[in-house]
Amino acid sequence: MALKKLYISAILALLIAALVLPGGCSKGEETGISGQVIEDVSLEEAFTLMEDNRGSQDFMIIDLRSAGEYAGGHIEAAVNIDYSAADFAAALDELDRDKTYLLYSQKDDISGQVLDMMAGLGFTRVYNMLGGMERWKRIGLPRVK
């Protein structure tokens, strides 16, 4: 009987911890900085974000792949800031923290890391396109060279 009671207590503790403990910054969640939005977005949501902000000076698409990968085809209007470049941190530091950014990499591993970096640096609105260029190409969405 004592073992059963211990087992039930352990399960309840795990359930409470899962409900109470805050997780990482997830989709739709604001971070601790007032007004800051750091989100993972689906490819469809990223496409809508691009369309809604077409021509806006306050919106920037950042391709985090190498210059060679970028030259092989990228999303229209995307700016290449190579994550593996020696001057990456300096290039990131030069960006306006109040603009809206959409990040992508080949998949979404690097862009996810950069999303977290930008959150820590106080950027206001940053979105990470899940699936990256790999999924973008697989679905057949347009690229420019």
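Here the structure is a predicted model, which means the values were calculated and not measured.

A.B. asks: Talk me through the overall build of the protein chain; I want residue IDs and the actual numbers.
C.D. replies: In terms of helices and strands, the protein chain carries 6 helices and 5 strands. Starting at the N terminus and ending at the C terminus, the protein chain contains elements arranged as α-β-α-β-α-β-α-β-α-β-α. Among the 145 residues that make up the protein chain, the fraction classed as buried is 33%. Accessible surface for the protein chain amounts to roughly 8600 Å². Of this, 58% is attributable to carbon and sulfur atoms.

A.B. asks: Break down helix H6 (residues 132-139) for me, citing the residues and quoting the values.
C.D. replies: Every buried residue of H6 is listed here: Gly 132, Met 133 and Trp 136. One face of H6 carries all of its buried residues, which in axial projection span an arc of 110°. Packing partners of the buried residues in H6 comprise helix H2 (43-52), strand S4 (100-104) and strand S5 (125-129). Of the residues one or two after H6, Gly 140 is the one with positive phi, at around 90°.

A.B. asks: Tell me about the sheet that holds S5, and name the residues and values.
C.D. replies: Pairing is parallel across the open sheet formed by 5 strands, whose spatial order is S1-S5-S4-S2-S3. In this open sheet, the two edge strands, each paired with only one partner strand, are strand S1 (37-41) and strand S3 (78-80). Pairs of neighbouring strands in the sheet enclose a mean axial angle of 25°, with direction left out of account. Of the strand pairs in this sheet, S4 and S5 are connected by 4 bridges, and their pairing is parallel. Note on S5: the bridge partner recorded for Leu 103 is Asn 128.

A.B. asks: Go over the pattern of salt bridges, please, and point to the residues and values.
C.D. replies: Between side chains of opposite charge, a pair can form when the charged atoms approach closely. Applying the stated criterion across every chain yields a total of 5 salt bridges. Two residues, Glu 44 and Arg 135, come together in a salt bridge whose shortest N-O distance is 3.6 Å. Placement of Glu 44 in helix H2 and of Arg 135 in helix H6 is noted, with a sequence separation of 91 residues between them. Note on Glu 44: relative accessible area 45%, which makes it partly exposed. Between Arg 54 and Glu 76 there is a salt bridge, with its nearest N and O atoms 4.0 Å apart.

A.B. asks: How would you summarise the layout of surface pockets if you had to cite specific residues and measurements?
C.D. replies: The volume enclosed by the largest pocket comes to roughly 330 Å³. Considering the residues around the largest pocket, the lining is formed by 18 residues, among which Met 50, Arg 54, Ile 61, Glu 76 and Ala 77 are closest to the centre. At the level of elements, H2 and strand S2 (59-63) are the ones that each hand at least two residues to the lining of the largest pocket. A breakdown of the residues in the lining of the largest pocket according to their chemical character gives 11 nonpolar, 3 polar and 4 charged.

A.B. asks: Now, about the environment of Ile 61: what can you tell me, with residues and values included?
C.D. replies: Examined against the element boundaries, Ile 61 turns out to sit in strand S2. In contact with Ile 61, other than residues within four places in its own chain, are Met 50, Ile 75, Glu 76, Ala 77, Ala 78, Val 79, Leu 102 and Tyr 104.

A.B. asks: Lay out the environment of Gln 106 in plain terms, naming residues and giving numbers.
C.D. replies: With respect to the helices and strands, the residue Gln 106 is situated in the loop between S4 and helix H5 (109-120). Among the residues examined, Gln 106 registers a relative accessible area of 24% and is labelled partly exposed. Considering only alpha carbons, one finds Gln 106 and Lys 137, 31 residues apart in sequence, at a separation of 10.0 Å. Contact partners of Gln 106, with chain neighbours within four places excluded, come to Arg 65, Glu 69, Gly 131, Gly 132, Met 133, Glu 134 and Lys 137.

Thresholds, definitions, all that
- Residues numbered from 1 in each chain as written.
- Predicted model: local features only at pLDDT ≥ 70, side-chain atom pairs only at ≥ 80, totals over all residues.
- Heavy atoms only, no water.
- Helix = DSSP H or I, 4+ residues; strand = E, 2+ residues; numbered from the N terminus.
- Buried < 20%, exposed > 50% of the residue type's maximum accessible area, 1.4 Å probe, protein only.
- Areas by Shrake-Rupley, 256 points an atom, 1.4 Å probe, with all protein chains shown as cover.
- Arc of directions from axis to C-beta.
- Contact = heavy atoms within 4.5 Å.
- Pairing = 2+ DSSP bridges.
- Axes fitted to C-alpha atoms, helices over the stretch in contact; angles between N-to-C directions.
- Salt bridge = Lys/Arg side-chain N within 4 Å of Asp/Glu carboxyl O.
- 1 Å grid on protein atoms, 1.4 Å probe; cavity = no way out; pocket = protein on both sides within 12 Å on 5 of 7 lines; lining within 4 Å.
- Points joined across faces, edges and corners; volume = space filled by probe spheres on them.
- Nonpolar A, V, L, I, M, F, W, Y, C, P; charged D, E, K, R; others polar.

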